[in-house]
Number of protein chains: 2
Amino acid sequence: MPDTTRSGKTADERSTPGTYAPTDRTVPTRARERAAYDRELVHAILDEGYVCHLGFVRDGAPVVLPTLYGRIGERLYIHGSTGSRPLRAAGRTDPGLAVCLTVTLLDGLVLARSAFHHSINYRSVVVHGTARTVTDPEEKRVALDALVDQVVPGRSRDSRPADTKELAATAVLRLELAEVSAKLRTGGPNDDPEDLALPHWAGVVPVAPRYAAAVPAADLDPSIGTPAYLPGG
Amino acid sequence: MPDTTRSGKTADERSTPGTYAPTDRTVPTRARERAAYDRELVHAILDEGYVCHLGFVRDGAPVVLPTLYGRIGERLYIHGSTGSRPLRAAGRTDPGLAVCLTVTLLDGLVLARSAFHHSINYRSVVVHGTARTVTDPEEKRVALDALVDQVVPGRSRDSRPADTKELAATAVLRLELAEVSAKLRTGGPNDDPEDLALPHWAGVVPVAPRYAAAVPAADLDPSIGTPAYLPGG
């Protein structure tokens, strides 16, 4: 008989390469059933998004900025001008910059009979860690390709690569996927039994990003058609 | 002649009720032309969204969590279980909880000929301030309605209001809109002149949330049709 726990999993199953090890700050204080540590799930959420909210501490106060990211294996890359605040801070601070990087995908509006049980269906990933400036030129180049391809897969091969001057003007930060959790809410409303007979509509309004047909730049050579990898192409 | 500055505005125009006064942390170190402090613009961005990313500092490290918000005038309200971390922290810390609340609306993918000039069209609002627990029951009730109506305007009137027990189980934080900035990117790619003849497609892929037809809960009384304020209703 395997050494099972209350979760029904053996000790080996609790710490496989397939999951991120939970830590104090990745185990939520509430709604624990919504938390997940599965690597494939985390990667799938990260790969569906491309905008993250990056949090860091500046003069003791929190700062949260939206920014683009790219994933390569167990690393996330974020970039910006070498003059931007988080990137300057990361370069300035010797051991790197403590960050919290959060990606949220919105899946639906959940309407319950009671105002209290209104909610949102979503999938999110929260990464805690230390962002470090990428100094190796080859890693930087590959990371910048990943950032472009995160937004439009394959696009980096159909654009002019960054030149030496542009690489120098771009700071890239690396964040290891180590202290990571996903959080999800799915399904319909969870009304209290005594509310089920109330005359209010209840259910879910699904939501997802809609990409419209690509609009060419005003100065684009008209002989260049919309590529097949874009909507309308 | 008015006392004009380089911006062409008089001193009076620089500090009208129509704008938030810029502070050190709401003036970006780069891309300053993308920053805006106009109240109507800030309100419009906040009113179009309903999910924010709330940043706070816990044990010296940043934490960023997605959460719902509602706006009433110059106040934002966020809520959660009284057991959740930011809300417990706000209640615990006497002068409130230092937060950064960021709302980001994504408008388009910007594809340039050069990888370097790829970007995103977006509108975002960043609010710095101190979140304080709402203790007044009437303010709490109104705030909870605002949270529901932020997601689906008018919905609070078509649901069972929170009862005393639910109000007690819900912590609501208030954040004043005082130190606020908006940031926007609009328009097409900004390629370097020497790249304009490259054979790569350039332009914008517009993106916006798409709401599908509302899906009734499995246990909804079939005689209750989809309300007119929902997609498919």
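In what follows, the structure referred to is the one given above.
Residues numbered from 1 in each chain as written. Chains lettered and ligands numbered in written order. Predicted model: local features only at pLDDT ≥ 70, side-chain atom pairs only at ≥ 80, totals over all residues. Heavy atoms only, no water.

Draft legend 1. Fine view of the relation of the copies chain B and chain A. Overlaying chain B on chain A yields an RMSD of 0.0 Å, the required transformation being a rotation through 180 degrees with an accompanying axial translation of 0.0 Å. In short, the pair behaves as if placed about a two-fold rotation axis. In terms of C-alpha distance to the rotation axis, chain B has Pro-209 of chain B as its closest residue, with the C-alpha 2.2 Å off the axis. When the interface residues of chain B are mapped onto chain A, 100% of them again fall at the interface, so both copies present the same face. (Least-squares fit on C-alpha atoms with pLDDT ≥ 70 in both. Contact = heavy atoms within 4.5 Å.)

Draft legend 2. Expanded view of the interface of chain B and chain A. Facing 87 residues of chain B, the contacting portion of chain A comprises 87 residues. Carbon and sulfur atoms make up 64% of the area that chain B and chain A hide from each other, which totals about 7000 Å². The largest contributions to the chain B side of the interface with chain A come from Pro-62, Arg-160 and Trp-201 of chain B, which together make up 11% of the buried area. Joining chain B to chain A, the criterion identifies seven salt bridges. Inspection of the region where chain B meets chain A yields 29 residue pairs in polar contact (both at pLDDT 80 or more). Of all the secondary-structure elements, those providing two or more residues to the side of chain B that touches chain A are strand E2 (51-58), strand E3 (61-72), helix H3 (85-92), strand E5 (97-111), strand E6 (119-133), helix H4 (137-151), strand E9 (203-211) and strand E10 (215-216) of chain B. Sort the elements by how many residues they give to the side of chain B that touches chain A and E9 of chain B lands first, with nine residues. (Buried area = accessible area lost by both parts, 1.4 Å probe. Salt bridge = Lys/Arg side-chain N within 4 Å of Asp/Glu carboxyl O. Polar contact = N/O pair within 3.5 Å; in protein donor to acceptor, adjacent residues only side chain to side chain. Helix = DSSP H or I, 4+ residues; strand = E, 2+ residues; numbered from the N terminus.)

Draft legend 3. The arrangement of the nonpolar core in detail. Leu-46, Leu-76, Leu-101, Val-125 and Val-127 of chain B are the most contacted members of the largest nonpolar core, which has 27 residues in total. In terms of residues, this core owes the most to one element, E5 of chain B, which gives five residues. Residues in contact with Val-127 of chain B, not counting those within four places in the same chain, are Leu-76, Val-99, Cys-100, Leu-101, Leu-175, Glu-176, Leu-177, Glu-179 and Val-180 of chain B. Counting 25 residues, the second-largest nonpolar core is a separate cluster that includes Ile-45, Val-63, Leu-76 and Val-99 of chain A. (Core = buried A, V, L, I, M, F, W, Y, C linked by side-chain atoms within 4.5 Å. Buried < 20%, exposed > 50% of the residue type's maximum accessible area, 1.4 Å probe, protein only.)

Draft legend 4. Looking closely at the pattern of salt bridges. A complete count under the given rule lists 35 salt bridges over all chains for this structure. One salt bridge in this structure joins Asp-107 of chain A and Arg-123 of chain A, with 2.8 Å as the shortest N-O distance. Pair noted here: Asp-107 of chain A is in strand E5 (residues 97-111) and Arg-123 of chain A is in strand E6 (residues 119-133), with a separation of 16 residues, a long-range link. Since its relative accessible area comes to 26%, Asp-107 of chain A is described here as partly exposed. Arg-160 of chain A serves as the salt-bridge partner of Asp-195 of chain B, at 2.8 Å between the closest nitrogen and oxygen. Within this pair, whereas Asp-195 of chain B is found in the loop between strand E8 (179-185) and E9, its partner Arg-160 of chain A is found in the loop between helix H4 (137-151) and helix H5 (164-169), the two belonging to separate chains. Both residues of the pair, Asp-195 of chain B and Arg-160 of chain A, belong to the buried class. By sharing partners, the salt bridges in this structure join Arg-160, Asp-163 and Glu-166 of chain A together with Asp-192 and Asp-195 of chain B into a single network.

Draft legend 5. The packing of aromatic side chains, seen in detail. Throughout the structure, instances matching the rule amount to zero aromatic pairs over all chains. In this structure, Arg-39 of chain A packs its charged tip against the face of Tyr-20 of chain A, placed 4.3 Å from the ring centre. (Phe/Tyr/Trp six-rings, centres within 6.5 Å; stacked < 30°, edge-to-face > 60°. Lys NZ or Arg CZ within 6 Å of the ring centre and 35° of its normal.)

Draft legend 6. Region of the structure containing the pairing of strand E2 (residues 51-58) of chain A. All names here are of chain A. Examined bridge by bridge, E2 and strand E3 (residues 61-72) share eight bridges and lie antiparallel to one another. Paired with Val-51 across the strands is Leu-68, a residue of E3. Here E2 folds back onto E3 in antiparallel fashion, the turn holding two residues, of which Asp-59 has a positive phi close to 50 degrees. Examined bridge by bridge, E2 and E5 share four bridges and lie antiparallel to one another. What sits directly across from Gly-55, in E5, is Cys-100. (Pairing = 2+ DSSP bridges.)

Draft legend 7. Just the pairing of strand E8 (residues 179-185) of chain A, in detail. Residue and element names in this part refer to chain A. The buried fraction of E8 is high, at five of seven residues. Across seven bridges, the pairing between E6 and E8 is antiparallel. The partner of Arg-123 across the bridge, within E8, is Leu-184.

Draft legend 8. The arrangement of the side chain of Arg-174 of chain B in detail. Residue and element names in this part refer to chain B. Residue placement: Arg-174 occurs in strand E7 (residues 170-176). At 2.8 Å, the side chain of Arg-174 and the side chain of Glu-139 are in polar contact. If we ignore the near neighbours within four places in the chain, the residues touching Arg-174 are Arg-75, Leu-76, Tyr-77, Thr-130, Ala-131, Arg-132, Val-134 and Glu-139.

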